[in-house]
Amino acid sequence: PAVAPAAFMLPAEQLIPAPEMENTWKEIEHMVSRGVIPSADRLKQYAAACWRNNSLARQREQLLVCIADILRLQEDQNLATEPALKDLLVLLESK
């Protein structure tokens, strides 16, 4: 099996359980659709859960679209982008 990128090595208490992944993604999407920017940590937790469940390849595109929407929101609101979000974007684009 492939070794998880360091960004996906999270403490056990931060891991999203597999049964909660769908609801977690719906919450993230709902936040973004309302103009609320989820934390980069929450997105990283979701991406790490996808990695752990061998679904990152399938979820990668929707994560990238979500990050693009977040970047647009930040630009519209004149907000700085968290370095952790930039790191996640680079990681997802490199897979």
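Above: the structure in question.
Notes on the structure follow. Predicted model, so just to flag it, every value in this text is computed and none were measured.

## Examining helix α1 (residues 21-33)
So, point 1. Its 13 residues place the ends of α1 18 Å apart at the C-alpha level, agreeing with the 18 Å of an ideal helix rising 1.5 Å per residue.
So, point 2. Every buried residue of α1 is accounted for by Met21, Thr24, Trp25, Ile28 and Val32. Axial view of α1: buried residues confined to an arc of 100 degrees, hence all on one face. Residues of α1 that are exposed and angled more than 90 degrees away from the buried face: Glu22 and Ser33.
So, point 3. Against α2 (40-52) and α3 (56-76) lie the buried residues of α1.
So, point 4. One or two steps after α1, the chain reaches Gly35, where phi turns positive at roughly 85 degrees.

## A closer look at the packing of α2 against helix α4 (residues 83-93)
Relative orientation and spacing of two packed helices are given, respectively, by the angle between their axes and the distance between those axes.
So, point 1. Their axes nearest at 8 Å, the elements α2 and α4 cross at an angle of 30 degrees. It follows that α2 is roughly parallel to α4 by the angle criterion. Crossing of α2 over α4 shows left-handed handedness. Contact residues: Ala40, Leu43, Lys44 and Ala47 in α2; Ala84, Leu85 and Leu88 in α4.

## Observations concerning the side chain of Gln59
So, point 1. Within the secondary structure, Gln59 is located in helix α3.
So, point 2. At 2.6 Å, the side chain of Gln59 and the side chain of Tyr46 are in polar contact.
So, point 3. Sequence-distant contacts of Gln59, defined by excluding residues within four places in its chain, comprise Tyr46 and Cys50.

About the cut-offs
- Residues numbered from 1 in each chain as written.
- Predicted model: local features only at pLDDT ≥ 70, side-chain atom pairs only at ≥ 80, totals over all residues.
- Heavy atoms only, no water.
- Helix = DSSP H or I, 4+ residues; strand = E, 2+ residues; numbered from the N terminus.
- Expected span 1.5 Å × (residues − 1).
- Buried < 20%, exposed > 50% of the residue type's maximum accessible area, 1.4 Å probe, protein only.
- Arc of directions from axis to C-beta.
- Contact = heavy atoms within 4.5 Å.
- Axes fitted to C-alpha atoms, helices over the stretch in contact; angles between N-to-C directions.
- Parallel < 35°, antiparallel > 145°, perpendicular 65-115°, else oblique.
- Left-handed = near helix turned anticlockwise from the far one by under 90°.
- Polar contact = N/O pair within 3.5 Å; in protein donor to acceptor, adjacent residues only side chain to side chain.

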